[in-house]
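The primary structure of each chain is shown beneath.
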Amino acid sequence: MITYNEVFENNKKWIQERKATDKDFFKKLAEGQTPNFLYIGCSDSRVTAEDLMGTEPGEVFVHRNVANIVSNIDLNAMSVIDYAVGTLEVKHIVVCGHYFCGGVKAAMQAKDLGLLNPWLRNIRDVYRLHREELNAITDEGKKHNRLVELNVEEQCINVIKTAVVQKTYMSGGYPTVHGWVFDVQTGELIDLKIDFAEKLHEIQEIYNLGSAE
Ligand code: CO
């Protein structure tokens, strides 16, 4: 386990390593960011966006919360999406869930979780939408994994429901939204291959915010 002081020792080493490879590394970083990706993932300490994607500083704009939820009344998530799409003009938005997710596991329990109730309600809602499929799975581990995947899909839909994503896509052809799952046990990143165009089309039947102007 890393100690408090080791963090700052590591930081000094990291600066030296970066400068050894590229002496202007930090000068370039200070000039600005042009990330291609917005990554929305879980806060879980095992699921680090940059490591699992193999990206460098400046390449991915990151938002993480418990169980990678995209709630339309969460000012934080909505601001991140608005800024990433409207200003940074990211080309890809990823919602990345993970197997062995404590948030999803908690939501599957029949109990009062206090302050977490309203947050994890989002996952219980996903369960309700897909209860026939989920109830048919007898193995608890497999049921959990499937709910992780369905939660990712539902949060992708929530991203697509936003006006900024719809309008930017209608006028510029990007961003596209992707659903991923990280398997903590194998390290594998799985693309759920969500059909963005099809989802957008379905969503716009009811949540069409993109054809204004
Ligand atoms: Co998690």
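Everything that follows concerns the structure shown earlier in this document.
Attention now moves to the overall build of the chain. Helix and strand counts for the chain stand at 10 helices and 5 strands. Computed over its C-alpha atoms, the radius of gyration of the chain comes to 19 Å, within 12% of the 17 Å expected for a compact globule of 213 residues. Within the chain, the fraction of its 213 residues that count as buried is 39%. Taking as baseline every contact in the chain between residues at least 6 positions apart, the subset at least 24 positions apart corresponds to 64%. Carbon and sulfur atoms form 52% of the exposed surface of the chain, whose accessible area is close to 12400 Å².

Moving on, we come to the packing of aromatic side chains. Any pair of aromatic rings gets described here by the distance separating the centres and the angle formed by the planes. Counted according to the given criterion, the structure contains 7 aromatic pairs. With centroids separated by 5.8 Å and ring planes inclined at 45°, the aromatic side chains of F61 and Y83 adopt a geometry described as tilted. With F61 in strand β2 (residues 60–65) and Y83 in helix α4 (residues 75–86), this pair connects stretches of sequence that are 22 residues apart. For F61, a relative accessible area of 18% translates into the label buried. Pairing Y169 with F196 gives two aromatic rings, centres 4.8 Å apart and planes at 75°, and the pair type is edge-to-face. Here Y169 is found in helix α9 (residues 163–172), whereas its partner F196 is found in helix α10 (residues 196–204), with 27 residues between them in sequence. Here F196 falls in the buried class, since its relative accessible area comes to 6%.

As a further point, take the coordination of the cobalt ion. Protein coordination of the cobalt ion is provided by C42 (SG), H98 (NE2) and C101 (SG), with donor distances spanning 2.1 to 2.3 Å. When the donor residues of the cobalt ion are listed from N- to C-terminus, their spacing reads C-x55-H-x2-C. Linking C42 in strand β1 (residues 37–42) with C101 in the loop between β3 (92–98) and α5 (102–107), this pair joins segments that are 59 residues apart in sequence. Across this residue pair, the class does not change: C42 and C101 are buried.

Of note, D44 is situated in the loop between β1 and α3 (49–53). A distance of 2.6 Å separates polar atoms of two side chains, one belonging to D44 and the other to R46. Beyond its immediate stretch of four places on either side in the chain, D44 contacts R64, H98 and F100.

Let us look at the packing of α4 against α9. At their nearest, the axes of α4 and α9 sit 9 Å apart, and the two run at 15° to each other. Taken together, the axes of α4 and α9 are roughly parallel relative to one another. With respect to the hand of their crossing, α4 and α9 are arranged in left-handed fashion. For the pair α4 and α9, the contacting residues are I81, D82, V85 and G86 in the first and V164, V165 and T168 in the second.

What follows deals with α10. Note that an α-helix has 3.6 residues per turn; residues three or four places apart therefore point the same way. For α10, every residue scored as buried is listed here: F196, K199, L200, I203 and Q204. Angularly, the buried residues of α10 cover 125° about the axis, an arc narrow enough to put them on a single face. For α10, the elements touching its buried residues are α8 (140–160), α9 and β4 (176–182). Regarding α10, its N-cap is D195, as a side-chain oxygen of that residue lies 3.4 Å from the backbone nitrogen of A197 further along.

Reading the values: the criteria
Residues numbered from 1 in each chain as written. Predicted model: local features only at pLDDT ≥ 70, side-chain atom pairs only at ≥ 80, totals over all residues. Heavy atoms only, no water. Helix = DSSP H or I, 4+ residues; strand = E, 2+ residues; numbered from the N terminus. Rg over C-alpha atoms; globule rule 2.2 N^0.38 Å. Buried < 20%, exposed > 50% of the residue type's maximum accessible area, 1.4 Å probe, protein only. Contact = heavy atoms within 4.5 Å. Areas by Shrake-Rupley, 256 points an atom, 1.4 Å probe, with all protein chains shown as cover. Phe/Tyr/Trp six-rings, centres within 6.5 Å; stacked < 30°, edge-to-face > 60°. Donors = N, O, S within 2.8 Å, 3.2 Å for Na, K, Ca; no water. Polar contact = N/O pair within 3.5 Å; in protein donor to acceptor, adjacent residues only side chain to side chain. Axes fitted to C-alpha atoms, helices over the stretch in contact; angles between N-to-C directions. Parallel < 35°, antiparallel > 145°, perpendicular 65-115°, else oblique. Left-handed = near helix turned anticlockwise from the far one by under 90°. Arc of directions from axis to C-beta.

The values reported here are purely geometric and, on their own, carry no functional implication.
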